[in-house]
Amino acid sequence: GMAIGSLKRLEAAGAGEAARAFSIVSFSAVALFAALFAAAIVNVKKPEAHKRLMLVATVSMLQAAVGRWFLLFLAPRTVGPPGPPAVPPVLVSVGPGIVIDLLIVAAMVHDRKTRGRVHPAYWYAGALVLAVQVLRVPISATSAWTSVTHWLVALSP
C-alpha cells in the first residue's frame, strides 16, 4: 500500500530508477516481518521460540526508524534549484541494519547469560534478518527486481 504509493510519487517526480531500486528496502522489510510473525504464530504453543521470534520480528521493523536517524544526522544538506527528489542508494540501509542487528545480538547475549545457551529461534531468525539485509543490495540493481516493481505498481489501484 504505502510503499507502492511512495514509489508512484517518486516516479512521478522524476526519481524512477532510483526509487524502484530503493523500494526493495520497504518491500523486503514487510515480507521479512510477515515471515517472522507467521513463524511466531506457528510456534505459539512453544513460548520460548514464540517470544523470541516476536522480538526479532519487532526489531526488524525498527530499521526504517533507525534509518531516519541516519538521514537526519548524516544526510548532506544541499541548497539549490529544486529537482527530482533525492533517493539514496540501497547501500545506505546497511548502517541502520547493523544497529538493529546489534539489538538482536544483545538479546542473544542475554539468552546466553541467563540460559547458558542461545535459543535456536534467535539463530534462525537472526540469520534470516541478516540475509535479507545483505541480499537486498545486489538484488535491488537487477532487472528482475525492476520487473517486480513494475508488476507491483500495475497491481495497485
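Remarks on helix H3 (residues 47-60)
Here's step 1: With 14 residues, H3 should cover 20 Å at 1.5 Å per step; its first-to-last C-alpha distance of 20 Å lies within 8% of that length.
Here's step 2: For H3, every residue scored as buried is listed here: Ala 49, His 50, Arg 52, Leu 53, Val 56, Ala 57, Val 59 and Ser 60.
Here's step 3: In this fold, the buried residues of H3 make contact with helix H2 (16-42), helix H4 (63-74), helix H5 (94-115) and helix H6 (120-140).

What to know about the environment of Ile 24
Here's step 1: Structurally, Ile 24 is set in helix H2.
Here's step 2: In this structure the C-alpha to C-alpha distance between Ile 24 and Val 90, which are 66 residues apart in sequence, comes to 8.0 Å.
Here's step 3: Not counting residues up to four positions away in its chain, the partners in contact with Ile 24 are Ala 29, Val 90, Arg 136, Ile 139, Ser 140 and Trp 145.

What to know about the nonpolar core
Side chains of nonpolar character tend, in soluble globular proteins, to be buried together.
Here's step 1: Leu 36, Val 56, Ile 104, Tyr 122 and Val 129 are the most contacted members of the largest nonpolar core, which totals 19 residues.
Here's step 2: The set of elements that each furnish at least two residues to this core consists of H2, H3, H5 and H6.
Here's step 3: Non-local contacts of Val 56, meaning those with residues more than four positions away in its chain, are made with Leu 36, Ile 104, Tyr 122, Ala 125 and Val 129.
Here's step 4: By size, the runner-up hydrophobic cluster in this structure holds 12 residues, among which are Ala 19, Ile 24, Val 87 and Val 153.

Section: the packing of H3 against H5
Here's step 1: Contact pair H3 / H5: the axes reach a minimum separation of 9 Å and the direction vectors enclose 155°. One finds that H3 runs roughly antiparallel with respect to H5. Crossing geometry of H3 relative to H5 is assigned as right-handed. Residues Glu 48, Arg 52, Leu 55, Val 56, Val 59 and Ser 60 of H3 form the contact with H5, whose participating residues are Ile 100, Leu 103, Ile 104, Ala 107, Asp 111 and Arg 115.
Here's step 2: Split into classes, the residues belonging to the contact of H3 with H5 amount to 7 nonpolar, 1 polar and 4 charged.

Describing the packing of aromatic side chains
Here's step 1: Scanning the entire structure with this criterion turns up 2 aromatic pairs.
Here's step 2: Ring geometry for Phe 33 and Phe 37: centres 5.8 Å apart, planes at 20°, overall stacked. A residue pair is termed a helical-turn pair when its members lie 3 or 4 positions apart in one helix, as Phe 33 and Phe 37 do in helix H2 at 4 residues.
Here's step 3: Here Phe 33 falls in the partly exposed class, since its relative accessible area comes to 29%.
Here's step 4: Under the relative-accessibility criterion, Phe 37 is labelled partly exposed at 34%.

Rules and cut-offs
- Residues numbered from 1 in each chain as written.
- Predicted model: local features only at pLDDT ≥ 70, side-chain atom pairs only at ≥ 80, totals over all residues.
- Heavy atoms only, no water.
- Helix = DSSP H or I, 4+ residues; strand = E, 2+ residues; numbered from the N terminus.
- Expected span 1.5 Å × (residues − 1).
- Buried < 20%, exposed > 50% of the residue type's maximum accessible area, 1.4 Å probe, protein only.
- Contact = heavy atoms within 4.5 Å.
- Core = buried A, V, L, I, M, F, W, Y, C linked by side-chain atoms within 4.5 Å.
- Axes fitted to C-alpha atoms, helices over the stretch in contact; angles between N-to-C directions.
- Parallel < 35°, antiparallel > 145°, perpendicular 65-115°, else oblique.
- Left-handed = near helix turned anticlockwise from the far one by under 90°.
- Nonpolar A, V, L, I, M, F, W, Y, C, P; charged D, E, K, R; others polar.
- Phe/Tyr/Trp six-rings, centres within 6.5 Å; stacked < 30°, edge-to-face > 60°.

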